[in-house]
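Listed below are the residues making up each chain.
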Amino acid sequence: MRYSYKLSDALHIMTYIDLYPDGDLSSAAIANSIEANPSVVRGTMARLKKAGLLNNQPGVAKASLARPAEEISMLEVYQAIADNTDLLHVDPHTNPKCPVGANIQATLEEKYELIQQAAEAQMAQISLASISASLSKRAKLA
């Protein structure tokens, strides 16, 4: 199974900007923190800007949050960067001649939808400010 780190990286970027609003906010500096390529950071920041979560201008290393961190939820960040917001995916290739294969997709889709709703409800309750506060405490920044 291949894992996506897009949400983690997007939250990393947003938290970095929240904690260091007057620091070096170049894509190179942020990429150094993430240990990623600056082009990946620029692409993620472009998606966050398009979603109305970041303010930034190409060629200017002065990004800022578009709203206070308390007003930005993890769910919004997730929706901004996820190519497909479904957390779980049903295998579309099952044997329709088998009673299990013929019915497993619809059965799992029902269950996966419940999980999706619960996860999104939890993500909606987690603010960027709470992530920044937890990180600050863990890193003893404040």
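Above this text sits the structure in question.
The model shown is predicted, which means the values in this text are computed figures rather than measured ones. Note that residues are indexed from 1 along each chain, following the sequence as it is written. For a predicted model such as this one, the threshold for reporting local features is a pLDDT of at least 70, and the threshold for listing and counting side-chain atom pairs is 80 or more; totals across whole chains, interfaces and linings nevertheless cover every residue. Only hydrogens and water are set aside; all other atoms, that is, all heavy atoms of the structure, feed into the side-chain values.

**Section: the overall build of the protein**
Then comes step 1: The way it works is that DSSP assigns letters per residue, a run of H or I at least four long becomes a helix, a run of E at least two long becomes a strand, and they are numbered from the N terminus. Secondary structure assignment for the protein yields 6 helices and 2 strands.
Then comes step 2: Reading the protein from its N terminus to its C terminus gives the helix and strand order α-α-α-β-β-α-α-α.
Then comes step 3: The C-alpha radius of gyration computed for the protein amounts to 18 Å, which surpasses the reference 14 Å derived for 142 residues by more than 25%, pointing to a less compact arrangement than a globule.
Then comes step 4: When its C-alpha atoms are laid out on the principal axes, the protein stretches across 60 × 30 × 25 Å.
Then comes step 5: Under the scheme applied here, a residue whose accessible area is under 20% of the maximum for its type counts as buried, over 50% as exposed, and between as partly exposed, the area being computed with a 1.4 Å probe on protein chains only. By residue count, 30% of the 142 residues in the protein fall in the buried class.
Then comes step 6: Contacts in the protein between residues far apart in sequence, at least 24 positions, make up 58% of those at least 6 positions apart. Only C-alpha atoms enter the radius of gyration; for comparison, a globular chain is expected to reach 2.2 Å times N to the power 0.38, where N is the number of residues. Contact criterion: two residues are considered in contact whenever any of their non-hydrogen atoms come within 4.5 Å of each other.

**Some points on a nonpolar patch on the surface**
Then comes step 1: Each patch is built from residues lacking any salt bridge and having more than 30% relative accessible area; the joining distance is 9 Å for like charges and 5 Å for nonpolar side chains (Val, Leu, Ile, Met, Phe, Trp, Tyr). Note that accessible areas follow from Shrake-Rupley with a 1.4 Å probe, and for residues the cover is restricted to the protein chains shown. Salt bridge, as used here, is a side-chain nitrogen of Lys or Arg placed within 4 Å of a carboxyl oxygen of Asp or Glu. A contiguous nonpolar patch, built from Tyr20, Leu135 and Leu141 and spanning about 260 Å² of accessible area, is present on the exposed surface.
Then comes step 2: Topologically, Tyr20 is positioned in the loop between α1 (6–19) and α2 (27–34).
Then comes step 3: On the accessibility criterion, Tyr20 (38% relative accessible area) is partly exposed.

**Quick notes on the packing of α2 against helix α3 (residues 38–50)**
Then comes step 1: Lines fitted to C-alpha atoms define the axes here, with helix axes fitted over just the stretch in contact, and angles between the N-to-C directions of these axes take values from 0 to 180 degrees. Close contact between α2 and α3 brings their axes to 8 Å; oriented N to C, the two are set at 105°. Classified by the interaxial angle, the pair formed by α2 and α3 is roughly perpendicular. Across the interface between the two elements, Ser27, Ala28, Ile30, Ala31 and Ile34 of α2 pack against Pro38, Val41, Arg42 and Met45 of α3. Should an angle fall under 35 degrees it is called roughly parallel, over 145 degrees roughly antiparallel, and 65 to 115 degrees roughly perpendicular, with every other angle called oblique.

**Details of helix α4 (residues 74–81)**
Then comes step 1: For α4, a buried count of 6 out of 8 residues is recorded, marking the element as mostly surrounded by other parts of the structure.
Then comes step 2: Those residues of α4 that fall on the buried side of the exposure criterion are Met74, Leu75, Val77, Tyr78, Ala80 and Ile81.

**A short note on the environment of Leu53**
Then comes step 1: Mapping Leu53 onto the fold places it in the loop between α3 and β1 (54–57).
Then comes step 2: When the C-alpha positions of Leu53 and Arg67 are compared, they lie 6.8 Å apart, and in sequence the two are 14 residues distant.
Then comes step 3: Setting aside chain neighbours within four positions, we find Leu53 in contact with Met14, Leu48, Ser64, Leu65, Ala66, Arg67, Ile72, Glu76, Val77 and Ala80.

**A word on unusual backbone geometry**
Then comes step 1: Unlike most non-glycine residues, Glu35 shows phi in positive territory, near 65°.
Then comes step 2: In this fold, Glu35 is placed in the loop between α2 and α3.
Then comes step 3: In the Ramachandran plot, Lys140 falls in the positive-phi region, its phi being about 55° despite a non-glycine side chain.
Then comes step 4: Along the chain, Lys140 falls in the segment after α6 (128–139).

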